[in-house]
Protein chains: 2
Amino acid sequence: MVAARHLSAERGGESDRYDLIVARAPVKRRLATTAPQPDAAVAPLADGRRRVVIEAVSPEVEGGRFPSKRSLGERVAIEADVFADGHDAISCVLRYRHQSETAWTEVPMLALGNDRWRAEFAASELGRYVYTVQGWVDPFQTWRLQLAKRVVAGQDVAPEMEVGAQLVEAAAGRAQGADATALLKHAEALRSGRDAAGVPVKSPLPNPLPGGERELPSRLPGGEKVSNQLIDLMDRHPDRSEAVTYPRELEMLVDPLRARFSAWYELFPRSAGEPGRHGTFRDVEQRLPYISSMGFDVLYMPPIHPIGRTNRKGANNTVRASSGEPGSPWAIGSDEGGHKSVHPELGTLDDFRHLLRAAEEHGLAIALDIAFQCSPDHPYIREHPEWFRHRPDGSIQYAENPPKKYEDIVPFDFECEAWRELWAELLSIVRFWIEQGVRIFRVDNPHTKPFAFWEWLIAEVKREHPEAIFLAEAFTRPKVMYRLAKAGFSQSYTYFAWRNTAWELTQYFTELTQAPVRDFFRPNLWPNTPDILTEYVQTGGRPAFAARLLLAATLGASYGIYGPAFELCEGRAKEPGSEEYLDSEKYQLRSWKTDSPDSLREMITLVNEIRHENLALQSDRGLRFHPTENDSLLAYTKSTSDLADVVLTVVNLDPHHTQSGMVTLPLKALGLESDKSYQAHELLSGARYMWTGPRNYVEINPHASPAQIFRFRRRIRSEHDFEYFL
Amino acid sequence: MVAARHLSAERGGESDRYDLIVARAPVKRRLATTAPQPDAAVAPLADGRRRVVIEAVSPEVEGGRFPSKRSLGERVAIEADVFADGHDAISCVLRYRHQSETAWTEVPMLALGNDRWRAEFAASELGRYVYTVQGWVDPFQTWRLQLAKRVVAGQDVAPEMEVGAQLVEAAAGRAQGADATALLKHAEALRSGRDAAGVPVKSPLPNPLPGGERELPSRLPGGEKVSNQLIDLMDRHPDRSEAVTYPRELEMLVDPLRARFSAWYELFPRSAGEPGRHGTFRDVEQRLPYISSMGFDVLYMPPIHPIGRTNRKGANNTVRASSGEPGSPWAIGSDEGGHKSVHPELGTLDDFRHLLRAAEEHGLAIALDIAFQCSPDHPYIREHPEWFRHRPDGSIQYAENPPKKYEDIVPFDFECEAWRELWAELLSIVRFWIEQGVRIFRVDNPHTKPFAFWEWLIAEVKREHPEAIFLAEAFTRPKVMYRLAKAGFSQSYTYFAWRNTAWELTQYFTELTQAPVRDFFRPNLWPNTPDILTEYVQTGGRPAFAARLLLAATLGASYGIYGPAFELCEGRAKEPGSEEYLDSEKYQLRSWKTDSPDSLREMITLVNEIRHENLALQSDRGLRFHPTENDSLLAYTKSTSDLADVVLTVVNLDPHHTQSGMVTLPLKALGLESDKSYQAHELLSGARYMWTGPRNYVEINPHASPAQIFRFRRRIRSEHDFEYFL
């Protein structure tokens, strides 16, 4: 915090001194000739012998301003451009540590070619990791490399032995104990031409070096003796007196697996009861087997708090509710309590905790809704009028987005004089629910609250509970959505619902799954929500719902549906051109016939099974689109980085007609041999096809299943394998 | 320098403390929850009400570590993503100052849409500019915007007048004098519903706002009075108490025009004399009219210093020169002097200064070669043995790139103990030639010297002489070439010589002319050099030389040729497969028949005239490639940003056969109307074609001219214009 306080003090002062300058002042003053940046990698004259440059470290979000994100158990690859002037060999290491450690762990980086280097570590603990890169010019490696070239060229290398001996002696000076003794013996051997055992040594043979362009033949003419021991010893005692460390220590936030791979089910608990009766947490418990059997792992409920009465909205968003209407659960707060209370009609806090435990037994985590806003009846309004904006006439300022008014909602004033107290209270709300056992929060409209607020709140929560997950429900401009993700949200809603054509989906998901976005933004794909009923599903019926389900579940490692509306293909809009549901659950109870024969339940169950069985679908990193020669067919693969799992999905985006086309795959990039047949196993139907070469025919009838999901099996030609396909 | 010294002290200390840690230490320590970066834009809790975010400022090279580059007189556009949470209007300004100024000049930024903002300033002085961005939430602008929406929706806006009056009163408190008085009157007018003249006011009408998505109808129902004066007053006295300033002050280096736009001619002065006689500076003066008449503006000469005798190379790079052979001018230094001396056979220092003045009279700047290396006879070797590396036997270390040896060259040891003294001496060499009047330096093999050395040397020189230009002759790995440019080189040699196909040229020049590369790397395109005689020109003859000339001169705002070898189409290689010339001037005198009828002199003269007449060709920013439906035809336009000048070049890359194809142009992007005919004026032949629509036929016979260069003229339909084409 020290650095941050220091900064803010400076910037506060800068702003206090603010004075608008329009004309140029003629005062002349020489600037320092060197760049004034405090993160300068090279400070000339002070540091003239530090020759290594480290650039383009990846991942790095906004120059290190924000952490990148990974999930528990992942292998994390860190890359950097590391190079020096001239032709000397360099060495470099990744340094990393978990936030709980004070000492660095070092991993040698390997050259990928073109001056790019890489090292990996396992994200084995939740929380923050810190990492940076260090590199140095390596004279011994340079000497070995050059020696090999001299040997290959048939030059007399005897004079070089003394040069090598001096380098080895210097290393002995940096080593201690047995290593020092051994190094001195090696130096003597290089000088004398005989090793410790008296065997003649001409030169220590270089091993193949990392980095294609510098690789040498593994055996040299003359059959000189390899001294791997010397090479190991020199690697252990490098001269790092002129090493360069990347000037920034970057952070990586390691979240639980569910932050990366999750299937959400949204349910209004008040609709979980018998028809006509207000549902309760106990009723929700009865729904758990249904939800769990479909393969979901997060159950998200809209706000469960007491609902305001003043200006309560009626069914279909009428301005005033009639008596007995339940109102919107997002109009939080009444005489019965606020954000730390439970709506009495749903049950008690004990009932809620009981539901949490029951859900856990079904493999379901409960996600609560964090909607930081109040009904006009919220206790805060009486107890803390200073947290709200008032009109000149003294009345409270309702929520509005002129000319629209939301009179059942009062927003907090995040800029009020007492903002510190307000922020602290809002944090205490999250902590309260964490104490009850909640770890996942879906945050309503985070984009209407300051970024700094979320950055602070999420960091505070995750400091004590790194397992906490926050999903940002922001449907707003792209840069605002990305900034919220950088500020700390674990997952984010997306524009997926409105991306319907092959071109739109390809563009958008390419952007989301490539650097830099993929390093901080985790998409969670929702084909519907209580606020979003797209024209595509309104007009496309069941095949459209099925297509959007299969897209969401295979394009996104995390996805969710608002049910039972989704699986029952509820597509009736309030009016033509509207994305609002007719008889929306936001304003009234609904009763759902979940045993309908038209339900998508079976398809959902199947696709969630496929997701669990295929690691490739559990991450968004390996996504790649492929041409189909038919704009209604979208084809893409997801692959694990080792290509052990490759899943091809082909979706017919036309919910009305059968479509067919040729799917062209980059076989080599997918680990398939181009001159052999391979098996394409369609996982939804169980059908198996023998495919050959990169172009293969696909035909999809949307009324049967609007997508096909293929897993590839390669031939194995070992006599030890009795099964023809592995 | 303070910040840099502080940093290096820290980093030095860090390295001294180095201790290799392999196992993880179990010590647990909590990190601060907020990001530890000193450039954090938001410090939560200290700064909770600063809601604006500033990201992606452009140009910005390596996070501000290096300056971006522009040339004198350019309009510089600075862009940034600036936004806040929610729907409030924001304002932002660009702040900039020249290094000689202490006060900022501010320019309001205009919204481009999608939260991107832009402002411009004129780079009217050489040297460094500093710039940053400041933004704030603007409550008055928000109020105006919302008021307009309320008016459009027919709402009663009377209650809003008091809100506005309070904002205006607050501004009066920030203002002084007449502004304060006027603002108070406006506040009163808003309250009373009547303006100062007693005219009823309903609401101050908003002007159209910047930013497409927020734009409003310019006239509102009801005809409310516009109070432009109030809007101006409020713009002059914004509330910036919670303004956010981008945490970095970025630098921009403004170089002379020749850094951006130049045509170089390389000449060995020793070949400028009568056949068989060693040429002199006086002989070079005789060549000036010839060079100047072709339109060149920089005359570059290989090193002009005394040449060593020990291990001098003979003709065609034989290991030992025979008596009387001149040796390589890059083997610098003999009893007659070193880097601050003139080779006696060329003349005296006075002769050199005379040449400088004579060249200037011909519009030519002399570029000297900076080759920081020595012959074994250089006085430095005797006077400063500590600046060189020695073998264990005490002998000096010659240059080598094992297994190759260069025994006529001794490299400096930039890492020697006395490196500070060495660096200071090398700087003094550049200063010496600056004192003689030289301002342009072509630096030999800068990639074999430390980046930090160049960063320091160039900054030191340009601090006193911002008009100095340094061209980096580095043919090495791409990241090394780019880093040299970032470190300060004004121009750089490129891979142009080896990019021959349409695909290669398109890929490479797209990379060079887009961000981030274009912000720091200025290509200088050489179809040949004394070291580079490509297979393309060896085999393609005169049409190949002509094609490479026209490519270089139209793809690159800066280009150069090594003459008279180039214009005389010297294509004889030392041996098949070699890029070395037979009888290379590097090792012997040559005599050139510059009046040959096959010379490209006329074509060179013409293309240089075309370059001078077309602003589009004087910058690399407006380059764009276009499809031709024939892989042998490469088509591209260069345009000024206002599209006042658009030049299309079509090159036949096949030096043997006539090629034809259809060139498809994006007419709208080039400022041409798609439904009108336009004139394509071919500047090399003078021919004029009437073209229609985006696709037009081109046919090119390489034996006539391997390229066509078109300038477009648009129809003007004003009755005031008598000329049919402007």
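Residues numbered from 1 in each chain as written. Chains lettered and ligands numbered in written order. Predicted model: local features only at pLDDT ≥ 70, side-chain atom pairs only at ≥ 80, totals over all residues. Heavy atoms only, no water.

A.B. asks: Please give an account of the overall build of chain A that cites residues and values.
C.D. replies: Helix and strand content of chain A: 15 helices and 30 strands. By the burial criterion, 60% of the 726 residues in chain A qualify as buried. Restricting to contacts in chain A with at least 6 residues of sequence separation, those with at least 24 account for 74%. Working note: accessible area of chain A is about 28,600 Å², and carbon and sulfur atoms make up 51% of it. (Helix = DSSP H or I, 4+ residues; strand = E, 2+ residues; numbered from the N terminus. Buried < 20%, exposed > 50% of the residue type's maximum accessible area, 1.4 Å probe, protein only. Contact = heavy atoms within 4.5 Å. Areas by Shrake-Rupley, 256 points an atom, 1.4 Å probe, with all protein chains shown as cover.)

A.B. asks: Residues and numbers for the pattern of salt bridges, please.
C.D. replies: All names here are of chain B. Applying the stated criterion across every chain yields a total of 112 salt bridges over all chains. The salt bridge partner of Asp 645 is Arg 711, with a shortest N-O separation of 3.2 Å. Placement of the pair is Asp 645 in the loop between β23 (633-639) and β24 (646-652) and Arg 711 in strand β29 (residues 707-713), with a sequence separation of 66 residues. (Salt bridge = Lys/Arg side-chain N within 4 Å of Asp/Glu carboxyl O.)

A.B. asks: Account for helix α5 (residues 228-236) of chain A, naming residues and giving values.
C.D. replies: Residue and element names in this part refer to chain A. Buried within α5 are the following residues: Leu 230, Ile 231, Leu 233 and Met 234. Buried positions in α5, seen along its axis, are confined to an arc of 165° and lie on one side of it. Elements in contact with the buried residues of α5: α2 (139-152), α3 (158-174) and α4 (177-192). (Arc of directions from axis to C-beta.)

A.B. asks: Can you break down the side chain of Glu 473 of chain B residue by residue, with the values?
C.D. replies: Residues and elements named next belong to chain B. Along the polypeptide, Glu 473 turns up in strand β19 (residues 469-473). There is a polar contact of 3.0 Å between the side chain of Glu 473 and the backbone nitrogen of Asn 445. Contact partners of Glu 473, with chain neighbours within four places excluded, come to Arg 442, Val 443, Asp 444, Asn 445, Pro 446, His 447, Tyr 493 and Asp 531. (Polar contact = N/O pair within 3.5 Å; in protein donor to acceptor, adjacent residues only side chain to side chain.)

A.B. asks: An account of the packing of helix α11 (residues 451-464) of chain B against helix α12 (residues 478-487) of chain B is requested, with residue identities and associated values reported.
C.D. replies: Residue and element names in this part refer to chain B. It is the contact of α11 with α12, at a shortest axis distance of 8 Å, that shows an interaxial angle of 25°. It follows that α11 is roughly parallel to α12 by the angle criterion. In this structure, α11 meets α12 at a crossing whose hand is right-handed. In this structure, α11 uses Phe 451, Trp 454 and Glu 455 to contact α12, whose residues at the interface are Val 480, Arg 483, Leu 484 and Ala 487. Residues belonging to the contact of α11 with α12 are distributed by class as follows: 5 nonpolar, no polar and 2 charged. (Axes fitted to C-alpha atoms, helices over the stretch in contact; angles between N-to-C directions. Parallel < 35°, antiparallel > 145°, perpendicular 65-115°, else oblique. Left-handed = near helix turned anticlockwise from the far one by under 90°. Nonpolar A, V, L, I, M, F, W, Y, C, P; charged D, E, K, R; others polar.)

A.B. asks: Report on the packing of helix α14 (residues 535-555) of chain B against helix α15 (residues 601-613) of chain B, specifying residues and quantitative values.
C.D. replies: Residues and elements named next belong to chain B. Axis separation between α14 and α15 bottoms out at 10 Å; the angle between their running directions is 15°. In this view, α14 runs roughly parallel relative to α15, as classed from their interaxial angle. The two elements α14 and α15 cross, and the hand of that crossing is right-handed. For the pair formed by α14 and α15, the contact residues are Ala 546, Leu 549, Leu 550 and Ala 553 on the first element and Met 603, Ile 604, Val 607 and Arg 611 on the second. For the contact of α14 with α15, a count of residues per class yields 7 nonpolar, no polar and 1 charged.

A.B. asks: With reference to specific residues and values, describe the side chain of Asn 311 of chain B.
C.D. replies: Residues and elements named next belong to chain B. Note that Asn 311 resides in the loop between β12 (298-300) and α8 (349-361). Within the local environment of Asn 311, its side chain forms a polar contact with the side chain of Arg 320, the two groups lying 3.2 Å apart. For Asn 311, the residues in contact, after removing those within four places along its chain, are Val 319, Arg 320, Pro 376, Tyr 398, Glu 407 and Asp 408.

A.B. asks: If you had to explain helix α11 (residues 451-464) of chain A to someone new, which residues and values would you point to?
C.D. replies: Each full turn of the α-helix corresponds to 3.6 residues, which orients residues three or four apart in the same direction. Helix length check: α11 of chain A, at 14 residues, gives a terminal C-alpha distance of 21 Å against a target of 20 Å (1.5 Å per residue), a fit within 8%. Among the residues of α11 of chain A, those classed as buried are Phe 451, Ala 452, Phe 453, Trp 454, Glu 455, Trp 456, Leu 457, Ile 458, Ala 459, Glu 460, Val 461 and Lys 462 of chain A. (Expected span 1.5 Å × (residues − 1).)

A.B. asks: Please set out the pairing of strand β10 (residues 250-255) of chain A residue by residue, giving values where relevant.
C.D. replies: Residue and element names in this part refer to chain A. By the criterion of burial, β10 is predominantly enclosed, with 6 of the 6 residues buried. Residues Leu 250, Met 252 and Val 254 point to one face of β10 and Glu 251, Leu 253 and Asp 255 to the other, with burial holding for every one of them. Pairing between strand β8 (residues 127-137) and β10: 5 bridges, direction antiparallel. Across the sheet, Tyr 129 pairs through a bridge with Met 252, a residue of β10. (Pairing = 2+ DSSP bridges.)

A.B. asks: I'd love a proper account of the packing of aromatic side chains, names of residues and values included.
C.D. replies: Applying the stated rule across the entire model yields 88 aromatic pairs over all chains. Residues Tyr 380 of chain A and Trp 387 of chain A carry aromatic rings whose centres are separated by 5.4 Å and whose planes lie at 70° to one another, so their mutual orientation is edge-to-face. The pair Tyr 380 of chain A / Trp 387 of chain A is uniform in exposure class, with both members buried. With a centroid separation of 5.8 Å and 85° between ring planes, the pair formed by Tyr 482 of chain B and Phe 520 of chain B is classed as edge-to-face. One end of the pair, Tyr 482 of chain B, is in helix α12; the other, Phe 520 of chain B, is in the loop between α13 (502-513) and α14, and 38 residues separate them in sequence. Per residue, the accessibility class of Tyr 482 of chain B equals that of Phe 520 of chain B, and both read buried. Here a set of aromatic residues connected by ring pairs shows up, and it is made of Phe 372, Tyr 380, Trp 387, Phe 388, Phe 412, Phe 414, Trp 419, Trp 423, Phe 453, Trp 454, Trp 456 and Phe 489 of chain A. (Phe/Tyr/Trp six-rings, centres within 6.5 Å; stacked < 30°, edge-to-face > 60°.)

A.B. asks: Which residues make up the sheet that holds strand β23 (residues 623-626) of chain A, and what values do they have?
C.D. replies: Backbone-to-backbone hydrogen bonds join strands into a sheet, with any given pair of strands oriented parallel or antiparallel. Residues and elements named next belong to chain A. Taken in spatial order, the 6 strands line up as β23-β24-β25-β30-β27-β28 in an open sheet, and their pairing is antiparallel. Each end of this open sheet is capped by a strand with a single partner; those strands are β23 and β28 (688-692). Between one strand and the next, the sheet's axes are offset by a mean angle of 30°, whatever the strand orientation. Pairing of β23 with strand β24 (residues 633-639), which is carried by 4 bridges, proceeds in the antiparallel orientation. Looking at the pairing, Phe 625 lines up with Tyr 636 of β24. Contacts from helix α13 (residues 502-513) reach β23 and β24 within the one sheet, and its direction differs from that of β23 by about 155°. Sheet strands touched by helix α14 (residues 535-555): β23, β24, β25 (646-652) and β30 (707-713). Its angle to β24, the strand with the most contacts, is close to 25°.

A.B. asks: Provide a residue-level description of the environment of Leu 623 of chain A, including the pertinent values.
C.D. replies: Residues and elements named next belong to chain A. Tracing the chain through its elements places Leu 623 in strand β23. Judged by its relative accessible area of 7%, Leu 623 falls in the buried class. Along the sequence, Leu 623 and Gln 514 sit 109 residues apart, while their C-alpha atoms lie 9.0 Å from each other. Setting aside residues no more than four positions away along its own chain, Leu 623 makes contact with Phe 509, Thr 513, Gln 514, Leu 555, Tyr 636, Thr 637 and Lys 638.

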